[in-house]
Number of protein chains: 2
Amino acid sequence: MKAEIMAVGTEILLGEIVDTNSAYIASRLPALGIDVYFKHTVGDNLGRITEVMARAVENNDLVITTGGLGPTEDDLTREAICAVFDEVPQVDPDLEQWLRGVFARRPNNPMPERNLKQAWLIPSARAIPNPRGTAPGWWAEKNGKIIIAMPGPPGEMTRMWEEEVAPELRRLAGGSIIVSRTIKTVGIGEGSVDEMISELTKSTNPSIGVYARADGIHVRIGAKAPTQELAATMIEPIEHRALEILGDAVWGFDEDSFESVVADLLDEKDVQLAVMESCTGGMLANTLTNVPNVSSHFRGGIISYATDVKEIMGVDPAIIGEHSVISPEVAMAMAVACREQLRADIGIGITGVAGPDPQDGHPVGEVHIALAGSSRIANETLSINYLSSRENIKRRAVTQSLMLLRRALLAAK
Amino acid sequence: MKAEIMAVGTEILLGEIVDTNSAYIASRLPALGIDVYFKHTVGDNLGRITEVMARAVENNDLVITTGGLGPTEDDLTREAICAVFDEVPQVDPDLEQWLRGVFARRPNNPMPERNLKQAWLIPSARAIPNPRGTAPGWWAEKNGKIIIAMPGPPGEMTRMWEEEVAPELRRLAGGSIIVSRTIKTVGIGEGSVDEMISELTKSTNPSIGVYARADGIHVRIGAKAPTQELAATMIEPIEHRALEILGDAVWGFDEDSFESVVADLLDEKDVQLAVMESCTGGMLANTLTNVPNVSSHFRGGIISYATDVKEIMGVDPAIIGEHSVISPEVAMAMAVACREQLRADIGIGITGVAGPDPQDGHPVGEVHIALAGSSRIANETLSINYLSSRENIKRRAVTQSLMLLRRALLAAK
């Protein structure tokens, strides 16, 4: 089964918002055995939506759209499906009753008459329920071609996908599936990784790809087979050989992130962590607490944004006075202070200049990271100068802190 | 001038990473007077890249690609341009020298021979410098058609765009430009906003669009005109009328975010803020500190992830014992504690269950937010039950905290 994905909306086309829906859907198609070769983005223009949709319907079994199902005159996905399937929409009485019920339950929010088009259907389409909003999806099917239209808000779309669309597609597709395995490395360049594993990259099934990412170079092995088990059997020897070749450079697999690897290591080594952040403003704690299982080994953190908050929280003013607040010494004093204050085994301290302006003669991008260790984990300090924007400096300092933590925890006695 | 945007890469096509480059480029084209009607994503397949590129070149003056300029056999954008322009690539001696120099400056990282294709050129193309990586861009021009190929890593692409590509395109385009103004509202539904401003939405230039967003409903006014000044003059009366109609529902404009509006209000009302976060794990502090000018009015924060860290930081254990740690009373005790500990004027406390598991009999999604005020700002508590995933619960609790802060600061004496 072959599919194309369309994101509809001028705000997406013009980049005012980033389209996460298309990636979400595309990432879920291979496991259903559905191939996808193209994704498109089109603005709120009936002619252009219809043009792309008609070409996609011609070349594929399945077209999946997101967006353009709102109540306004700019919401034109339903109209495009009508044009492509050459059918006329009518208000469906059951949908209308449901829609009026949704609005009746909202206080002081009578249903504007223009919302009525959200109750439209055509003979070839049935509605896909949407308990999270006022736009039902459409499952339209004619002459062996399927168009699935889902709403744009990601919360509504993902629920509709998981509960309604994916189960139905799984029944329909039932051919080969694609299973992939990603090996994540750090410390080697893309070209070098590619050269190291060149004995493997000639294979077409499984196929091997090498990709540069913010967290290092990824090697992706993808196998196409009739069953999950067979695909896994095809991947196993190639993964085994790749791991032999890449050795210590490998830090994780598939969904692993630096933070999930660190959370696992904190658990495995039974170490309690605390952090004290200045320039990263809570991003390290926020990143760590995105990992559900970190709870039992993350004590908490202090965001010492104002300089005197560092002192309130136990950093000796003399160290700040002697070395300046942007220094490896203060980073270490912060790491020690949060370890003591929050009764953790180890502490991380981060101080630096995220910008946009230099601070006390220190340039934007100067960052100092310190780890205050324990009897099992050595102290460590790291100083970096990032040439980047405020948010990137924060993000890269957080990544660097997580890498430092990972190394230290791996080496823990 | 008319352009199409192509993102190249199987990992983007299959949704393993979200393409932010296309949105970045698209958002910058209107101000250059360049229209964009379609964006496409294609995998690492020469036939399919060439197919989409050839069609885009036929229908447009300009095609902009990102990705596919790496050194591996999967990087095929250069090959596709060669096919579309029917030319043969050769290693350019100057580029080769530059590339070998880049590798020579990296310790222990000899240049793999396959990187040499990053030094390719064709007669119709010149290289676009890339000081941040090993992939130069291509500016290819033939028979009045332009193809601009940029590398995929966003840090490399954005620098190349800003420093090299945009200035050149500005010289070339020079026609009408599009200026837009976005009014951001909260508390009214999309259909209702659309109906309220229906007297305005018939206009085609300026055009008016209504969009549902995570932070409320946006009204976007877009004007096409020969100059910035003229476009602004066209927008002004429509914006004025829309503001009259929408009244108190308007909370911001254009690039405003809840956090930037709160940062401005903290400054305007001269209020010092501290936060104490449990289930949001630092996300509120991290969000606030993404706004550069918050520094002078954000004291800092405490992430009291472990329950006893709340007590260390000044929350009375008796309150936790009586009401449980997930309660409005503890949220208020946290707000008071951080206000006192970090010597701020007001404090925000957040406690709740981000999941994935319920905690002490409290369901996932139960969140309590409290504001400990001052002589000028009233205390407030808010309890919500979010039906969502861990990261969404964190994000929505943060948004809700910022909305609460905004209201309280607006009402400050």
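What you see is a predicted model; the values in this text were computed from it and never measured.

1. Topic: the environment of A:Met313
Point 1. Along the polypeptide, A:Met313 turns up in the loop between α12 (307-312) and α13 (317-323).
Point 2. Once the C-alpha coordinates of A:Met313 and A:Gln341 are considered, the two residues, 28 residues apart in sequence, prove to be 7.4 Å apart.

2. Re unusual backbone geometry
Point 1. Residue A:Pro356 is reached from A:Gly355 by a cis peptide bond, and omega for that bond is 10°.
Point 2. Relative to the assigned elements, A:Pro356 resides in the loop between β15 (346-352) and β16 (366-372).
Point 3. A positive phi angle, near 55°, is found at B:Asp86, a position not held by glycine.
Point 4. For B:Asp86, the position within the fold is in the loop between α4 (77-85) and β4 (90-91).
Point 5. At B:Ser324, a residue that is not glycine, the phi angle is positive and equals roughly 80°.
Point 6. With respect to the helices and strands, the residue B:Ser324 is situated in the loop between α13 (317-323) and α14 (328-341).

3. A closer look at the relation of the copies chain B and chain A
Point 1. Take chain B, turn it by 180°, move it 0.0 Å along the axis, and it overlays chain A with an RMSD of 0.0 Å. The superposition of one copy onto the other is thereby described by a two-fold rotation axis.
Point 2. A share of 100% of the interface residues of chain B reappears at the interface of chain A, consistent with the copies meeting face to face through the same patch.

4. A few points about helix α10 (residues 258-268) of chain B
All names here are of chain B.
Point 1. Among the residues making up α10, those that are buried are Phe258, Glu259, Val261, Val262, Ala263 and Leu266.
Point 2. Looking at the buried residues of α10, the elements they touch are β12 (250-253), β13 (273-277), α11 (283-288) and α15 (390-410).
Point 3. Immediately beyond the C-terminal end of α10, within one or two residues, lies Asp270, with a positive phi of roughly 50°.

5. A few points about the interface of chain B and chain A
Point 1. Of the residues lining the interface, 70 residues belong to chain B; the matching set on chain A comes to 70 residues.
Point 2. Among the elements that take part in the side of chain B that touches chain A, strand β2 (residues 35-42) of chain B stands out by supplying seven residues, more than any other.
Point 3. Note that strand β2 (residues 35-42) of chain A and β2(B) share five bridges and pair antiparallel. Within β2(B), the position partnered with A:Lys39 by the bridge is B:Thr41.

6. Examining the nonpolar core
Point 1. Counting 118 residues, the largest nonpolar core has A:Met334, A:Ala335, A:Cys338, B:Met334, B:Ala335 and B:Cys338 as the members making the most contacts within it.
Point 2. In this structure, B:Met334 is in contact with B:Met276, B:Ser304, B:Lys310, B:Val315, B:Gly349, B:Thr351 and B:Ala370, ignoring residues within four places of it in sequence.
Point 3. A:Leu14, A:Met53, A:Val57 and A:Phe85 belong to the second-largest nonpolar core, a separate cluster that totals 95 residues.

7. So, the environment of B:Phe253
Residue and element names in this part refer to chain B.
Point 1. Within the fold, Phe253 resides in strand β12.
Point 2. With 14 C-beta atoms counted inside 10 Å, the residue Phe253 sits in the partly exposed group.
Point 3. Between the alpha carbons of Phe253 and Ile183 there is a distance of 4.7 Å; along the sequence they are 70 residues apart.
Point 4. Phe253 has contacts with Arg181, Thr182, Ile183 and Lys184, leaving out every residue within four places of it along the chain.

8. Observations concerning the packing of helix α3 (residues 46-59) of chain A against helix α4 (residues 77-85) of chain A
Residues and elements named next belong to chain A.
Point 1. Look at α3 against α4: their axes get within 9 Å of each other, and the N-to-C directions meet at 50°. The angle between α3 and α4 falls in the class oblique. In terms of crossing hand, the pair formed by α3 and α4 is right-handed. Across the interface between the two elements, Leu46, Ile49, Thr50, Met53, Ala54 and Val57 from α3 touch Thr77, Glu79, Ala80, Ala83 and Val84 from α4.
Point 2. For the contact of α3 with α4, the per-class residue count stands at eight nonpolar, two polar and one charged.

9. What to know about the sheet that holds strand β3 (residues 62-66) of chain A
Point 1. Sheet architecture is open: 12 strands sit in the order β6(A)-β7(A)-β8(A)-β3(A)-β1(A)-β2(A)-β2(B)-β1(B)-β3(B)-β8(B)-β7(B)-β6(B), paired in mixed fashion. The outermost strands of the open sheet, each flanked by one partner alone, are β6 (125-128) of chain A together with β6 (125-128) of chain B. Averaged over all pairs of adjacent strands, the angle between their axes in this sheet comes to 15°, without regard to strand direction.
Point 2. Sheet topology places strand β1 (residues 2-8) of chain B next to strand β3 (residues 62-66) of chain B; five bridges connect them, and they run parallel. Considered in β3(B), the bridge of B:Met6 is made with B:Thr65.
Point 3. Packing of helix α6 (residues 154-173) of chain B onto the sheet brings it into contact with β3, β6, β7 (137-142) and β8 (145-150) of chain B, and relative to β8(B) it is tilted by some 140°.

10. Quick look at the environment of B:Asp61
Residues and elements named next belong to chain B.
Point 1. Structurally, Asp61 can be placed in the loop between α3 (46-59) and β3.
Point 2. C-alpha separation for the pair Asp61 and Ala370, spaced 309 residues apart in sequence, amounts to 56 Å.
Point 3. With sequence-adjacent residues up to four places away left out, Asp61 is seen in contact with Met1, Lys2, Ala3, Lys145 and Ile146.

11. Observations regarding the sheet that holds strand β10 (residues 207-213) of chain B
Residues and elements named next belong to chain B.
Point 1. Strand order in this open sheet of four strands is β10-β11-β9-β12, and the pairing throughout is antiparallel. Single-partner strands in this sheet number two, and they are β10 and β12. Sheet twist, expressed as the average angle between the axes of neighbouring strands with direction ignored, equals 25°.
Point 2. Two elements, β10 and strand β11 (residues 216-225), share seven bridges in a ladder whose sense is antiparallel. Its bridge partner being in β11, Ala212 is matched across the sheet by Ile217.
Point 3. The strands that helix α9 (residues 228-246) touches are β9 (177-185), β10, β11 and β12; relative to β9, the one it contacts most, it runs at about 15°.

12. Topic: the domain arrangement of chain A
Point 1. By domain assignment, chain A separates into domain 1 (2-173), domain 2 (177-253) and domain 3 (258-410).
Point 2. The C-alpha-based centres of domain 1 of chain A and domain 3 of chain A are spaced at 45 Å.

13. Brief notes about the confidence of the model for chain A
Point 1. The predicted model of chain A has a mean per-residue pLDDT of 92, with 99% of residues at 70 or higher.
Point 2. Taken together, the chains of this predicted complex give a pTM of 0.77 and an interface ipTM of 0.76.

About the thresholds
- Residues numbered from 1 in each chain as written.
- Chains lettered and ligands numbered in written order.
- Predicted model: local features only at pLDDT ≥ 70, side-chain atom pairs only at ≥ 80, totals over all residues.
- Helix = DSSP H or I, 4+ residues; strand = E, 2+ residues; numbered from the N terminus.
- Least-squares fit on C-alpha atoms with pLDDT ≥ 70 in both.
- Contact = placed C-beta atoms within 7 Å.
- Buried ≥ 20, exposed ≤ 12 C-beta atoms within 10 Å, placed from the backbone.
- Pairing = 2+ DSSP bridges.
- Core = buried A, V, L, I, M, F, W, Y, C linked by C-beta atoms within 7 Å.
- Axes fitted to C-alpha atoms, helices over the stretch in contact; angles between N-to-C directions.
- Parallel < 35°, antiparallel > 145°, perpendicular 65-115°, else oblique.
- Left-handed = near helix turned anticlockwise from the far one by under 90°.
- Nonpolar A, V, L, I, M, F, W, Y, C, P; charged D, E, K, R; others polar.
- Domains from an automatic or database assignment.
- pLDDT = per-residue confidence, 0-100.

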